[in-house]
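Residue-level structural notes
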Amino acid sequence: MLAFTAALFSTVARESGNVWTTVILASAALLLATMVGLTTVPYLARRVVAARVRDAMDYEVTRAGLIYIGITVVIGIAAINTGNNLLYIVVAALLSAILVSGVASALVLRHLQLDVHLPEHVFAGRPLLARLLLRNLSAWLPSFSIRVVPSKRKAVKRWRWEPYTLGLPRNRPPESQWVRVPDRRLRRVLENPEKPILQQTIYFPFLAPGQELRADLEMNFPARGCYREKDFGLATRFPFAFLLKTRRIALAREVIVYPVVEPSQESLDVLPMVTGEFAAFVRGRGNDLYRIREYMPEDSARHVDWKATARTGALKVREFSREDERKLRIVFDNPLPGVLDPTLYERAVHLAASLGWHFHHEDVEISYVAPGLEPTPDVFAFLHYLALVEAQEATSVFDRLRASEDYNLIVTSRDRSQLPPILAARSYVISLAAGAIPHPPADSQKVMVTKVT
């Protein structure tokens, strides 16, 4: 309104011969119009685009629809060539059926509301039940033949700098090249697509007005990580199956899938040794005599009760009561990139998760420590960390890990000699030495277990 008023008075000033007033008012009108164009118009455009995205529809012509359109085109050409009014009526009826199909399918999908409920804790390799709720909000119009479908995903390529080694001559193998210089190159690479949650369709044959239906869907996520869905689709071929119309619903869902916690062969091999060492460590800390029992091979000779041995003629040892609760600290030392083979790295994550889950159900006061994870007694916080962890350059966990009364179970790629001695003396170390396994097959990779005393 201000720009219009300024432009109107600039015309009056021009008619009266006042040049400077005309210039000032015309400039003000142009300036105000430019400000409106830069502020108001994009805002209104964004609102329109948002409304269109919320009600976005995808159309896909089915095989039956292609055949029907082909027949309609043939009859239409015949009607034009012959001028037969009856053929014109037939073509009009065929075209009206296509129009009715589009309008009817849009009405069927318009008043539907979808909700997806997922479990809070999800483990890789374990089946789970997800619940889908579909409700017809219309008070008078039913919905027919509805399918809940996964969202469409497109591969995205981006330009990215990546490490590269410049070798000369180029046509020779690396060990025969004269010069090898670290370099970087710009390449267009395919971004890692997000892992989808829904990978199958769920069919609802009929929803009455105001009705709500639910479907329990069994899912199984094969690997750890973050699975996301930005939207879900409601599709229908009603009424004539000419078009597959899909309405995209902006319903964001995210699932953090924990690593597999089922005991593997490695964890079954490690667990008895860890449990035995932990029990021996706890049992020997007290000062009060608990009982005198038979000697076992793993007992220390300093605990032998020689008087009881001489009296009974069999080796007897003294067992002391513990002074406090059993405390265990599980440490996952995340290695640097490239230190471990990806397969071995995943097995290390699996081993840490399995041991953490096992001792969570034991009579143990347990805590979990890892780079980037504050010490926590919550096993699900530890599993959440392991679900998303990747090899990265970060401060070593041993820089902030101090010796305590806890017994430590350490999963690391370092050699035992690289651990602080005061910490290693109270720890059971599972060392995944990459140098000892250069490039073995997946089935021959073994975890090196080192008992540090």
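One structure accompanies this document, and this report is about it. (Residues numbered from 1 in each chain as written. Predicted model: local features only at pLDDT ≥ 70, side-chain atom pairs only at ≥ 80, totals over all residues. Heavy atoms only, no water.)

1. Side note on a nonpolar patch on the surface
Stated precisely, the cut-off is as follows: Here a patch means residues that are over 30% exposed by relative accessible area and free of salt bridges, tied together within 9 Å if like-charged and within 5 Å if nonpolar (Val, Leu, Ile, Met, Phe, Trp, Tyr). Note on areas: Shrake-Rupley, 1.4 Å probe, and residue coverage restricted to the protein chains presented here. One side-chain nitrogen of Lys or Arg within 4 Å of one carboxyl oxygen of Asp or Glu is enough to make a salt bridge. Relative accessibility thresholds used throughout: buried, under 20% of the residue-type maximum; exposed, over 50%; partly exposed, between the two (1.4 Å probe, protein chains only).
Taken together, the side chains of Val61, Leu66, Ile69, Val73 and Ile77 present a nonpolar region at the surface, about 420 Å² in accessible area. Note on Ile69: relative accessible area 38%, which makes it partly exposed.

2. A short note on the sheet that holds strand E4 (residues 128-136)
What counts here: Two strands form a pair only when DSSP identifies at least two bridges running between them. Where helices and strands are cited, they refer to DSSP runs of H or I of at least four residues and of E of at least two residues respectively, numbered from the N terminus. An axis is simply a line fitted to the C-alpha atoms; with a helix, the fit covers only the stretch in contact. Between two such axes, the angle follows the N-to-C directions and lies from 0 to 180 degrees.
Read across the sheet, three strands follow the order E2-E4-E9 without closing on themselves; strand pairing throughout is antiparallel. Since the sheet does not close on itself, it has two edges, and those belong to strand E2 (112-117) and strand E9 (212-219), each with one partner. With strand direction ignored, the average angle separating the axes of adjacent strands in the sheet is 20°. When E2 meets E4, the two strands line up antiparallel, connected through six bridges. Paired with Leu112 across the two strands is Asn136, which belongs to E4.

3. Examining the pattern of salt bridges
What the rule picks out here adds up to nine salt bridges. The closest approach of N and O atoms between Asp58 and Arg248, which form a salt bridge, is 2.6 Å. With Asp58 in strand E1 (residues 57-61) and Arg248 in strand E12 (residues 243-249), this pair connects stretches of sequence that are 190 residues apart. Residue Arg224 pairs with Glu346 through a salt bridge whose shortest N-O separation is 2.9 Å.

4. Let's talk about the side chain of Asn334
Cut-off, in case you're wondering: As used in this structure description, the phrase polar contact means that two N or O atoms lie within 3.5 Å; if the pair is within protein, one of them must be able to donate a hydrogen and the other to accept it, and residues adjacent in sequence are counted only when both atoms belong to side chains. Residue contacts follow a heavy-atom distance rule, with two residues in contact if any of their heavy atoms lie within 4.5 Å.
Assignment of secondary structure puts Asn334 in the loop between strand E16 (327-332) and helix H7 (342-360). Take Asn334: its relative accessible area is 8%, and that puts it in the buried class. In terms of polar contacts, Asn334 uses its side chain to reach the side chain of Tyr345, at 2.7 Å. Sequence-distant contacts of Asn334, that is, excluding residues within four places in its chain, are made with Tyr345, Pro371, Tyr385, Val389, Glu390, Ala391 and Gln392.

5. A look at the environment of Ala348
With respect to the helices and strands, the residue Ala348 is situated in helix H7. With a relative accessible area of 2%, Ala348 lands in the buried category. For Ala348 and Asn334, which are 14 residues apart along the polypeptide, the C-alpha to C-alpha distance reads 9.5 Å. Sequence-distant contacts of Ala348, that is, excluding residues within four places in its chain, are made with Phe332, Val411 and Leu432.

What is shown is where atoms sit, not what they do.
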